[in-house]
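Reading the structure
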Amino acid sequence: MKIIPIYKNEKQLIKRAAAGNREAQQCIYGKFSPKMLGVCRQYVKDLHFAEDVMINGFLKVFKNLDSYKFKGSFEGWIRKIMIRESISYIRKQQFVVYDDDLYERNEVGTQSLTTDLDVEHIQMLIDALPEGYRMVFVLYVVEGYKHHEIAELLRISENTSKSQLFKARKLLQERLQHQNIIGYGSR
């Protein structure tokens with residue numbers, strides 16, 4: 001069976017979706033929702049809530065399609081909306097603390113691993129980080145934001161961003177070493 005794309009040109013697809021064409025909007029959603037759910041899941045621990053955040057993000061995408069200027073990647077533009085929506089969700093749900101003493105109080109139960117690290121285990125370790133550490137870690141390591149961009153997004157200082165990243169990496173290394181995955185992250 002040969003699949004024929006509805007719209008060959010992404011620019012045409014975006015313009016039709018911006019004009020309210022539901023078929024074009026569905027095409028955009030179908031194409032980008034799996035990746036964007038992964039983006040939201042990096043920030044929001046619970047998959048069901050991450051799906052809610054993604055759906056709200058797509059509502060913003062479709063509402064603001066007219067503001068997309070066709071400069072840079074369309075996927076990157078959507079991704080930024082999803083990241084901001086995830087951060088907004090976290091802010092609404094709880095107060096995020098950037099605290100030096102937090103990681104001692106937030107220990108995760110460990111389990112021994114008999115196989116190589118898999119994606120689910122890595123995600124579990126990242127999820128177990130204190131909220132402030134996790135947000136900075138994901139923004140920097142996964143999304144590739146710079147510290148000054150993270151500081152602006154999270155409304156913290158650039159030095160706080162650097163400190164949170166350092167502490168997140170240190171805590172991840174300690175937990176990996178505790179699980180006998182020695183040498184992870186060391187150079």
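Calculation criteria
- Residue positions are given per chain, counted from 1 along the sequence in the order it is written.
- Restriction of local features to residues with pLDDT of at least 70 applies here, the model being predicted, together with a cutoff of 80 or more for giving and counting side-chain atom pairs; totals for whole chains, interfaces and linings are based on all residues.
- In computing side-chain properties, one takes all heavy atoms of the structure into account and sets aside hydrogens as well as water.
- Every residue gets a pLDDT, meaning the predictor's confidence in that residue, from 0 to 100.
- Numbered from the N terminus, helices here are DSSP runs of H or I no shorter than four residues, and strands are runs of E no shorter than two.
- Here, two residues are considered to be in contact whenever any of their heavy atoms come within 4.5 Å of each other.
- The working definition used for a salt bridge is a side-chain nitrogen of Lys or Arg within 4 Å of a carboxyl oxygen of Asp or Glu.
- The buried label applies to any residue whose accessible area, calculated with a 1.4 Å probe on protein chains only, is under 20% of its type's maximum; exposed applies above 50%, and partly exposed to all values in between.
- Residue count minus one, scaled by 1.5 Å, sets the expected span of a helix.
- Residue types Ala, Val, Leu, Ile, Met, Phe, Trp, Tyr and Cys, when buried and joined through side-chain atoms within 4.5 Å, form a set referred to as a nonpolar core.
- Aromatic rings from Phe, Tyr and Trp, taking only the six-membered ring of Trp, are treated as a pair when their centres fall within 6.5 Å; an angle between ring planes under 30 degrees marks them as stacked, one over 60 as edge-to-face, and anything in between as tilted.
- For a lysine, the NZ atom is tested; for an arginine, the CZ atom; a charge sits over a ring if that atom is within 6 Å of the ring centre and within 35 degrees of the ring normal.

The subject of this paragraph is the confidence of the model for the protein chain. Per-residue confidence for the protein chain averages 83 on the pLDDT scale, and 79% of its residues sit at or above 70. For the protein chain, helix 5 (residues 102–105) is the element with the lowest average pLDDT, namely 42, and helix 3 (residues 47–63) is the one with the highest, namely 96. Low pLDDT (under 50) marks residues 100–116, which in the prediction has 24 contacts with non-local residues, meaning those over four places away or in another chain.

The next subject is the pattern of salt bridges. Opposite charge on two side chains lets them pair, provided their charged atoms get close. Under the defined criterion, the tally for this structure stands at seven salt bridges. With a shortest N-O distance of 3.3 Å, Lys35 and Glu75 are connected by a salt bridge. Taken together, the residues Lys35 in helix 2 (residues 22–43) and Glu75 in helix 4 (residues 74–93) connect sequence positions 40 residues apart. Overall, Glu75 belongs to the partly exposed group, its relative accessible area being 24%.

Time to look at the side chain of Asp127. Here Asp127 shows up in helix 6 (residues 119–127). Classification of Asp127 by relative accessible area gives buried; the value is 11%. Contacts of Asp127, omitting those with residues within four sequence positions, involve Arg41, Lys45 and Arg134.

With that settled, the discussion passes to the environment of Met124. As for its placement among the helices and strands, Met124 is situated in helix 6. Taking relative accessible area as the criterion, Met124 reaches 30% and is therefore assigned partly exposed. With 79 residues separating them along the chain, Met124 and Lys45 place their C-alpha atoms 9.0 Å apart.

With 21 residues, helix 9 (residues 158–178) extends 30 Å between its outermost C-alpha atoms, agreeing within 8% with the 30 Å of an ideal straight helix rising 1.5 Å per residue. By the burial criterion, the buried members of helix 9 are Ser161, Gln164, Leu165, Lys167, Ala168, Leu171, Leu172, Arg175 and Leu176.

With that settled, the discussion passes to the nonpolar core. Membership of the largest hydrophobic core comes to 47 residues, with the highest contact counts inside it found for Ile28, Phe58, Val61, Phe74, Ile78, Met82 and Leu139. Only helix 1 (10–18), helix 2, helix 3, helix 4, helix 6, helix 7 (131–142), helix 8 (147–154) and helix 9 provide two or more residues apiece to this core. Ranked by residues supplied to this core, first place goes to helix 4 with eight residues.

Each aromatic ring pair is specified by the distance between its two centres and by the angle formed by the two planes. For the structure on display, the rule yields eight aromatic pairs. Centroid distance Tyr68 to Trp77: 5.3 Å. Interplanar angle 50 degrees. Geometry classified as tilted. Each member of the pair, Tyr68 together with Trp77, is buried. Here the aromatic residues Phe32, Tyr68, Phe70, Phe74 and Trp77 are joined through ring pairs into a cluster of three or more. Here the guanidinium or amino end of Lys11 rests over the ring plane of Phe70, the centre of that ring lying 5.1 Å away.

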